[in-house]
Structure formats: structure tokens, C-alpha cells
Amino acid sequence: MNKSPLSQRKDDHLDIVLATGSTSHGVDAGWSALRFEHCALPEMALEDVDLGTELFGMALRAPLLISSMTGGADRARFINQHLAEAAQALGLAMGVGSQRVSLRSGQDQGLTTELRRLAPDVPLLANLGAAQLREADGLDLARRAVDTLDASALIIHLNPLQEAVQPEGDRNWNGVLACIEHVAGQLHAPIIVKEVGAGISPGVARQLYDAGVSMIDVAGAGGTSWAAVEAERANDPAERAVAMAFSGWGIPTAHSLLAVRRAVPTVGLIASGGVRDGVDAAKAIRLGADLVGQAAGVLTSAMASTEAVVSHFDVIIRQLRIACFCTGSATLAQLRRARLVNAQLDIK
């Protein structure tokens, strides 16, 4: 079967990320500048640390999101199956990649209620691009995205930079905020808005919150650079040069997270972008994140098996638990008050 241009593009994205790793091009997400003050007397047992939280009324055993990874490629079917089974086994949230291709083509590529059957007890998050909301049936697409997965919420992803450097990208972003507000007011599920690797500014965060968005995923610079990915896809040297100029563009994740938390203290926040391990996850929670997401870091495991994904996130959970233990934090609430030292960020 011949692939549609959209499906081929998603396959290209997977190949490039798998071949090049995070493609962050040396951008520091900001975690390395942070250091917890060590507590030599935690006065608890390691197993006493409670990492539990909840998302949209569903319990999580750790504050982790298996973040939106791929959509539209044939390989997405088994990748998402592995991720869903792992999310259920570990009690983590899971977001799927963009559902645009499956909804438009009629080829579901595994993005069906089968994922809900595999992960009945955890938050499952649908996903659409913000540019698709401008289309005549944008609200209907949003409803279908949620309903076809029996999803707990809808992620609307913002990727203006990627679209701008992509030859076939959606270049007209007029009215996107109004579309998000309309969907947030009409959809029967909560809305999460995320960037895809360039970060969310405080001003945009306030606009989204005022529009009725329930959560924001800052998804800052320091993880996958989609400008760099598009540069790798480019056949035209000029297109490649344009995209590569923006390979380091964006707000580093730690900076975006701290600024958004201060600007909108009550909004739910997800931190993703360059999260390497459970220590980074602990730092993100200390800076104000409610959940911490990872995508590219687990992609190789997701290609392999459910067991590989479980093993990957089990390591992150163990690291996060030890970070709590060695800061004297028995709960996530206590971790948010742990002493964090930094030479660059103004942390109180």
C-alpha cells in the first residue's frame, strides 16, 4: 500500500529521531544547572516515599507521562500498544501522537479504543495539532479524537516553528487561540495544550489559561529539536539551511516551567523536553510541574517491546524515589519544598 504524504512524513520523523537521538543540538534544558541540597538524615525508609498523584480523577503511581511520540506512521500501531501496556503496568499516564492522519485517512493505525482496553485504569490522552482546529470541522475532529480512544483529555499541540520550516507546513496561525477557546468550551473532555520543543512563555500561558485550558505542557528546548528534524528531511539545501538556523531556538524547559508556574500559579503543568532521568524529573517537580513527560528518550524501548518500556520507566521511577529520599521528602508535596541550589535561576 502506498503511503500518504502525511504518513511518509511521520515515518521520516521516526527514522530521524531514532538515528540521531534527541537532536537537541547542544541546547541545555536547564536541569544541569540545578542541584538539590543533600539530606544526610532523611528519617524514613526508602519504601516510605509515596510518589502517588492523580490526573483528571485517575490515580497514578508516579507523576510521569509517557509523552506524545508518534502518530500517522504504520509503526505507531505496535509502538502505542507497547506504551499503553507499560502505562497500565506501571500506573502512568500516556499521550498518543497526532491523530490527524488516522482521522483523515480512515486508517486507524492502532489509534482506537483498543488502547483503552490495554490501559483501562490510567489517563489516556488524545492529540491534535492546533492548526487543525482552524479547519471547518475542527471541533468535530477534536471530538472524534477523544471518542475514538475513549480518552481522558485532549492534547492540542502547538508547533508553529516546525510548521514554518516544513515545506508542506501549516503557515497560517491566525485565530488559533480563539479556536482553542471554542473547543475548550464545547468539548466534553479537558484540554491540555503543549508545545513540541520550543517552550511556552508566561504570556502565552496566561492566554491559554484564560481560554479555558486545563493543563499546559511547556515542552521546552533541550529535547528533540523539530527544526533540526525537518532540516534532516529537507532535500533542498536552502530549505535545510533555513531550518537549521532554528535548531537551537526556544525557551529551555526549566526556564519555561519556572516562569509559567509563577505567571499562572493554579494551572496544571507538565514538564517535558530534555528530561533524561528521575533526577531531572525531581527537579521539574520542584520547579512546579505536576507531571513530567518523556518521549524520545523511550522511543527505542517502545520499538522493542512492552517489557523494554516497563524497564525504562522503572529505572526513572527508582531514580525519582531516591531523589525524594535523599532530600528528606516523603511525598511529592514535600519534594516541592526541598532546597534547590542554582546559579542561574532565581528559585525561592
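Residues numbered from 1 in each chain as written. Predicted model: local features only at pLDDT ≥ 70, side-chain atom pairs only at ≥ 80, totals over all residues. Heavy atoms only, no water.

The name given to the protein chain in an unreviewed UniProt entry is Isopentenyl-diphosphate delta-isomerase, with the source organism recorded as Pseudomonas parafulva. Entered under Sequence similarities (unreviewed entry) in the UniProt record, the comment concerning the protein chain runs "Belongs to the IPP isomerase type 2 family." (UniProt positions renumbered as here; feature names shortened; annotations may be inferred.)

**Student:** Could you clarify how one ought to interpret the sheet that holds strand 5 (residues 93–95) in this entry?
**Tutor:** Across a sheet, paired strands are connected by hydrogen bonds in the backbone, their directions being either parallel or antiparallel. One closed barrel accounts for eight strands, arranged 4-5-6-7-8-9-10-11; its pairing is parallel. Neighbour-to-neighbour, the strand axes of this sheet turn through a mean angle of 25°, independent of strand direction. Two elements, strand 5 and strand 6 (residues 124–129), share two bridges in a ladder whose sense is parallel. Following the sheet pairing, Gly 95 is matched in strand 6 by Leu 125. On top of the sheet, helix 2 (residues 76–90) reaches strand 4 (64–66) and strand 5; it is set at about 160° to strand 5, its chief contact. (Pairing = 2+ DSSP bridges. Helix = DSSP H or I, 4+ residues; strand = E, 2+ residues; numbered from the N terminus. Axes fitted to C-alpha atoms, helices over the stretch in contact; angles between N-to-C directions. Contact = heavy atoms within 4.5 Å.)

**Student:** It is not clear to me how unusual backbone geometry should be interpreted in this structure. Could you clarify?
**Tutor:** Trans peptide bonds make up most of the peptide bonds, and negative phi angles are found at most residues other than glycine. A positive phi angle is found at Glu 43, which is not glycine, with a value near 55°. Within the secondary structure layout, Glu 43 lies in the loop between strand 1 (34–36) and strand 2 (53–55). Although it is not a glycine, Asp 150 adopts a positive phi angle of roughly 55°. You can see Asp 150 is positioned in the loop between helix 5 (138–149) and strand 7 (153–158).

**Student:** Is there a simple way to think about the pattern of salt bridges in this case?
**Tutor:** Opposite charge on two side chains allows them to pair when their charged atoms are near. All chains considered together, the criterion is met by 10 salt bridges. The salt bridge partner of Arg 233 is Glu 168, with a shortest N-O separation of 3.0 Å. Taken together, the positions of Arg 233 in helix 9 (residues 226–233) and Glu 168 in the loop between helix 6 (160–165) and helix 7 (176–186) put the pair 65 residues apart, joining distant regions of the chain. For Glu 168, a relative accessible area of 35% translates into the label partly exposed. A salt bridge links Arg 233 to Glu 230, with the shortest nitrogen-to-oxygen separation between them at 2.7 Å. (Salt bridge = Lys/Arg side-chain N within 4 Å of Asp/Glu carboxyl O. Buried < 20%, exposed > 50% of the residue type's maximum accessible area, 1.4 Å probe, protein only.)

**Student:** Looking at this structure, I do not really get the packing of helix 8 (residues 202–210) against helix 11 (residues 253–263). What am I missing?
**Tutor:** Relative orientation and spacing of two packed helices are given, respectively, by the angle between their axes and the distance between those axes. Interaxial distance between helix 8 and helix 11 falls to 9 Å at its minimum, and their mutual angle equals 50°. Of the possible angle classes, the one that applies to helix 8 and helix 11 is oblique. Remark: the crossing between helix 8 and helix 11 carries right-handed chirality. Taking contact as the criterion, the partners of Pro 202, Ala 205 and Arg 206 in helix 8 are, on helix 11, Ala 259, Val 260 and Ala 263. Partitioning the contact of helix 8 with helix 11 into residue classes produces five nonpolar, no polar and one charged. (Parallel < 35°, antiparallel > 145°, perpendicular 65-115°, else oblique. Left-handed = near helix turned anticlockwise from the far one by under 90°. Nonpolar A, V, L, I, M, F, W, Y, C, P; charged D, E, K, R; others polar.)

**Student:** How should the side chain of Asp 217 be read in this particular structure?
**Tutor:** Within the secondary structure layout, Asp 217 lies in strand 9 (residues 215–217). There is no salt bridge for the buried Asp 217, and the closest opposite charge comes from Lys 194, which lies 4.0 Å off by N-O distance. For Asp 217, the side chain forms a polar contact with the side chain of Ser 272, separated by 2.8 Å. Non-local contacts of Asp 217, meaning those with residues more than four positions away in its chain, are made with Ser 67, Ile 192, Val 193, Lys 194, Glu 195, Ile 200, Ile 270, Ala 271 and Ser 272. (Lys, Arg positive; Asp, Glu negative; His and termini not counted. Polar contact = N/O pair within 3.5 Å; in protein donor to acceptor, adjacent residues only side chain to side chain.)

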